[in-house]
Amino acid sequence: MVDNKLSEEEILAILRAADELIAQGGRSLLAKILKGSREKKVLQLGLDACPAYGYFKGVKLEEVMEKIDWMIDHDFLDIEYSGKLPMIVFTERGWHIERDKYADEFLHEWDDWLAEGKPAPDMTYLKDRNRNMIFLFLEKMRETQDKRYIPYLEAWKQVDYRKVRERINSVIRSLETEETPDYQAIQERESSLKEALKGDEPQDLYVKCWECGDRFLFSVGEQQFYRKMGFHDPKRCPECRMERDMDNFLDF
């Protein structure tokens, strides 16, 4: 087990890799991205293009899995089921962090294009992205006060939806008028991210039994075991589970 807290860099790398397969793959596939696997499925899905691909290249796959489990235990990632298949999803905390870093990734990409003197690319690549992340990207652009973004923004405005166009126009006006950034909002956002990166220590849970209505202990150790085995969390207390199993046995 991973006993020590992961570094912020490790947390960000795992979240970035997870973003490639949210609700489409599980722990094993995520570990293979981070390990830099050349497995056929990884390559067919283009997951080797992920910026975090191979981040844990020199680490054993089992240890990478333990790091992912640490992320789940500390409320950065979670497991949801698609039928019987356990899929990786972001928690609210995890998406709060990843959204910010993904917006930074887009901004750095634009900076690189501007440095190369690249004309505005086809901006449809930004269409249908997560709306909150796109708005954060635009807000970060506003805060730069850099007018060089305006031609790209004008091109983007031609291909996106009304609400996004309205926000783009607002950013263009801010850049043209050299509007002073809201430094308090920036500070609050940075503080919120710093707090989110601390994670949440795993805790024993008391779950209400569907059968008898009593609450029963679902310990941290049990939570980890159920997750590792791909089991759904228990909905009945141990006594009701035992009674149900006995009934099924007798019926058989």
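In case you missed it, the structure is sitting above this.
Residues numbered from 1 in each chain as written. Predicted model: local features only at pLDDT ≥ 70, side-chain atom pairs only at ≥ 80, totals over all residues. Heavy atoms only, no water.

Peer 1: Just checking my understanding: could you explain the overall build of the protein chain for this structure?
Peer 2: Counting its regular elements, the protein chain contains eleven helices and four strands. Its C-alpha atoms give the protein chain a radius of gyration of 23 Å, clearly above 18 Å, the size a compact globule of 252 residues would have. Projected onto the principal axes, the alpha-carbon positions of the protein chain cover approximately 75 × 40 × 35 Å. When each of the 252 residues of the protein chain is scored for burial, the buried share is 42%. For the protein chain, long-range pairs separated by at least 24 residues make up 61% of all intrachain contacts whose partners lie at least 6 apart in sequence. Of the accessible surface of the protein chain, which amounts to about 15000 Å², a share of 48% is contributed by carbon and sulfur atoms. (Helix = DSSP H or I, 4+ residues; strand = E, 2+ residues; numbered from the N terminus. Rg over C-alpha atoms; globule rule 2.2 N^0.38 Å. Buried < 20%, exposed > 50% of the residue type's maximum accessible area, 1.4 Å probe, protein only. Contact = heavy atoms within 4.5 Å. Areas by Shrake-Rupley, 256 points an atom, 1.4 Å probe, with all protein chains shown as cover.)

Peer 1: Just to check I follow, could you spell out the packing of aromatic side chains for this structure?
Peer 2: The relation between two aromatic rings is expressed through the spacing of the ring centres and the mutual angle of the planes. Enumeration over the complete set of coordinates arrives at 15 aromatic pairs. Measuring from ring centre to ring centre gives 5.1 Å for Y102 and F106, while their planes differ by 15°; the resulting arrangement is stacked. With Y102 and F106 both in helix α5 (residues 92–115) and four residues apart, this pair spans about one turn of that helix. Neither residue differs from the other here; Y102 and F106 are each classed as buried. Here the aromatic cluster, defined as three or more aromatic residues joined through ring pairs, consists of Y102, F106, W110, W113, Y125, F137, Y149, Y152 and W156. The ring centre of Y161 lies 4.7 Å from the NZ or CZ of K127, which sits over that ring. The cationic tip of R167 hangs over the ring face of F135; the distance from NZ or CZ to the ring centre is 3.9 Å. (Phe/Tyr/Trp six-rings, centres within 6.5 Å; stacked < 30°, edge-to-face > 60°. Lys NZ or Arg CZ within 6 Å of the ring centre and 35° of its normal.)

Peer 1: Please explain the side chain of R93 as it appears in this structure.
Peer 2: In this fold, R93 is placed in helix α5. From its side chain, R93 meets the backbone oxygen of A196 in a polar contact 3.1 Å long. Sequence-distant contacts of R93, defined by excluding residues within four places in its chain, comprise H74, D75, F76, E195, A196, G199 and D200. (Polar contact = N/O pair within 3.5 Å; in protein donor to acceptor, adjacent residues only side chain to side chain.)

Peer 1: What exactly am I supposed to notice about the pattern of salt bridges here?
Peer 2: Side chains that differ in sign of charge can pair as their charged atoms come close. Evaluation of the coordinates by the stated rule reveals 18 salt bridges. Put simply, K32 and E39 hold a salt bridge, and the shortest N to O gap is 2.8 Å. We note a salt bridge from K140 to D100, for which the minimum N-O separation is 3.2 Å. One end of the pair, K140, is in helix α6 (residues 131–144); the other, D100, is in helix α5, and 40 residues separate them in sequence. Connected through shared salt-bridge partners, D100, K101, D104, K140, E143 and R189 make up one network. (Salt bridge = Lys/Arg side-chain N within 4 Å of Asp/Glu carboxyl O.)

Peer 1: Please clarify how the packing of α5 against helix α9 (residues 183–196) should be interpreted in this entry.
Peer 2: Relative placement of two packed helices is described by the angle separating their axes and the distance separating the axes. One can describe the packing of α5 onto α9 by two numbers: an axis separation of 10 Å at closest approach and a directional angle of 130°. As summarised for this structure, α5 and α9 are arranged oblique, according to the angle between their axes. Considering how the two elements wind past one another, α5 and α9 form a crossing that is left-handed. Facing α5, whose interface residues are R93, H96, I97 and D100, α9 presents R189, S192, L193, E195 and A196. Looking at the contact of α5 with α9 residue by residue, the classes come out as three nonpolar, two polar and four charged. (Axes fitted to C-alpha atoms, helices over the stretch in contact; angles between N-to-C directions. Parallel < 35°, antiparallel > 145°, perpendicular 65-115°, else oblique. Left-handed = near helix turned anticlockwise from the far one by under 90°. Nonpolar A, V, L, I, M, F, W, Y, C, P; charged D, E, K, R; others polar.)

Peer 1: It is not clear to me how the side chain of R16 should be interpreted in this structure. Could you clarify?
Peer 2: The topology assignment puts R16 in helix α1 (residues 8–18). With a relative accessible area of 9%, R16 lands in the buried category. Beyond its immediate sequence surroundings of up to four residues, R16 is in contact with C50, P51, A52, E98, Y102 and E105.

Peer 1: I would appreciate a short explanation of the packing of α5 against helix α7 (residues 150–157) in the present structure.
Peer 2: The geometry of α5 relative to α7 is characterised by a closest axis approach of 11 Å and an angle of 115° between their N-to-C directions. In this structure, α5 uses W110, W113 and L114 to contact α7, whose residues at the interface are Y152, L153 and W156. Of the residues assigned to the contact of α5 with α7, the class counts are six nonpolar, no polar and no charged.

Peer 1: What's the story with the pairing of strand β1 (residues 77–82) in this structure? I'm lost.
Peer 2: The side chains of a regular strand alternate between both faces of the sheet. Two strands pair when backbone bridges link them, and β1 and strand β2 (residues 85–90) are joined in this way by six bridges, in the antiparallel orientation. Residue pairing across strands places E80 opposite M87, the latter belonging to β2. (Pairing = 2+ DSSP bridges.)

Peer 1: I keep staring at the environment of V171 and nothing clicks. Help me out?
Peer 2: Structurally, V171 is set in helix α8 (residues 162–176). When the C-alpha atoms of V171 and Y149 are compared, they prove to be 9.7 Å apart, with 22 residues separating the residues in sequence.

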